[in-house]
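Overview (structure and organization)
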Amino acid sequence: MERYIIIHYGEIALKGGNRSFFENKLIANIKLALIDLGEIWFKQVSGRIIVLMEENYDWELIKAKLQKVFGIEYFALAWNSSQDLKELEKDLYALVKSKKFIKFRVTARRTNKNFPLKSQEIAEKLGAMVVKKMKKKVDLENFDLNCYVDIVENFAFLYFEKIECRGGLPVGVSDKLLCLISGGIDSPVAANLMQKRGASIVYIHFDSYPSTPKENQEKVKDLVKVLNEYQFKSRLYIVPFLEIQKEILQKAPEDYRVVFYRRMMLRIAKMIAQKENILALVTGESLGQVASQTVENIRAISEATPLPILRPLIGFNKEEIVNLAREIGTFELSAQPFGDCCSLYVPKHPVTRADLNLILDTEKDWDFDRILEKAISKTEIINFNSEI
Ligand code: ATP
Ligand code: MG
């Protein structure tokens, strides 16, 4: 029996006129995820994508890669039997006879209406065979083994385990976004949640080297590398931030430092967004998590840019964010204790109710063009590909 990977997609199947655009993107992303396998054989059949599972493929590796492709609801490793009841019985028996189970069920689905038995009848016949030959019990609710049978086009698939994925939309079907990524836990999770909605992410990091260690930069690169496994091609801008911070130290009231840092970050982000044709920013803010994340401070910070700022974590608890970071694969990296730019010169009592008038008054005679142009001219660009 030949084996296939059956890939089911959910939400994208609902997209009406855009359906083929979404499907093509999903197929392109599956190919990129499985690029190490070389040329793969695949086919679209009745709202599924099937990939031929060659003998030499490493299933564990494929599993790990496909779980990172957004748009997939679930996938399974399936054996292709034949659309003949006797053959189906024979093949199913061959597959289950060495399995350990007490109670089981058969879940059949028929999309090829030329097959003479209805789904329910297929399940009953195959179930009866297993009961008779193996003395096992059918239990539709509490079972140890579920035998799936899909009769689709000219295939007859048998499988036992569905591998659930995170759903969402294929990366690339939504517009590009620019994510402000720190070395912390939150912003990589925010980026990943927007990838899940089909956005491809460009990253910008503000770095205070040499006052922060080189390791901090490496950590951000490593984080983007992990996030690139969901996206296959990414770009990271590393902007030197120390000189800007030093100017702020001289010119701004101490308790407002972080607010001014953030406003400068947003101004630089806007310039990079323009260059990249990006219309919105992403941050990892969560309401009330730290002093700079009160509603008043969020307003005072956001005022520095006309671009919309998407904050997918705004209503998340820290524990929920940590759990997601673990699932995504960024937690261990983020948890490394290297200080970033925001741990420098942090005031003892940061303002929680920033006064916008005071901010605008303070910034009145800053020479932004000079400060920003200088930072941009020293910005480093790093590209990531799935091949490397
Ligand atoms: P994170 O865990 O993402 O660092 P945080 O809880 O530490 O977030 P803040 O330090 O207030 O929160 O930062 C809020 C957001 O500002 C971050 O989620 C990130 O999007 C952005 N940000 C902060 N520092 C940097 C930086 N050095 N470079 C780029 N973006 C940053
Ligand atoms: Mg942080």
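Calculation notes
Residues numbered from 1 in each chain as written. Chains lettered and ligands numbered in written order. Predicted model: local features only at pLDDT ≥ 70, side-chain atom pairs only at ≥ 80, totals over all residues. Heavy atoms only, no water. Helix = DSSP H or I, 4+ residues; strand = E, 2+ residues; numbered from the N terminus. Buried < 20%, exposed > 50% of the residue type's maximum accessible area, 1.4 Å probe, protein only. Contact = heavy atoms within 4.5 Å. Domains from an automatic or database assignment. Salt bridge = Lys/Arg side-chain N within 4 Å of Asp/Glu carboxyl O. Polar contact = N/O pair within 3.5 Å; in protein donor to acceptor, adjacent residues only side chain to side chain. Nonpolar A, V, L, I, M, F, W, Y, C, P; charged D, E, K, R; others polar. Axes fitted to C-alpha atoms, helices over the stretch in contact; angles between N-to-C directions. Parallel < 35°, antiparallel > 145°, perpendicular 65-115°, else oblique.

Brief notes about the environment of Phe232
Mapped onto the secondary structure, Phe232 falls in the loop between α6 (214-228) and β12 (233-240). Judged by relative accessible area, Phe232 falls into the buried class, the value being 6%. With 86 residues separating them along the chain, Phe232 and Asn146 place their C-alpha atoms 34 Å apart. The contacts of Phe232, once residues within four sequence positions are left out, are Asn29, Leu32, Ala33, Val69, Phe384, Asn385 and Ser386.

A look at the domain arrangement of the protein
Taken domain by domain, the protein comprises domain 1 (2-164) and domain 2 (177-385). Contact residues are listed per partner, giving seven residues for domain 1 and eight residues for domain 2. Salt-bridge contacts for Lys68 lead to Glu229; the nearest nitrogen and oxygen are separated by 2.4 Å. The interface formed by domain 1 and domain 2 includes one residue pair in polar contact (both at pLDDT 80 or more). In terms of residue class, the side of domain 1 that touches domain 2 is made up of four nonpolar, one polar and two charged.

Comments concerning the packing of helix α7 (residues 242-251) against helix α13 (residues 368-377)
The geometry of α7 relative to α13 is characterised by a closest axis approach of 9 Å and an angle of 155° between their N-to-C directions. In terms of axis orientation, α7 runs roughly antiparallel to α13. Taking contact as the criterion, the partners of Glu243, Ile244 and Glu247 in α7 are, on α13, Arg370, Ile371, Lys374 and Ala375. When the residues that make up the contact of α7 with α13 are grouped by side-chain class, the tally is three nonpolar, no polar and four charged.

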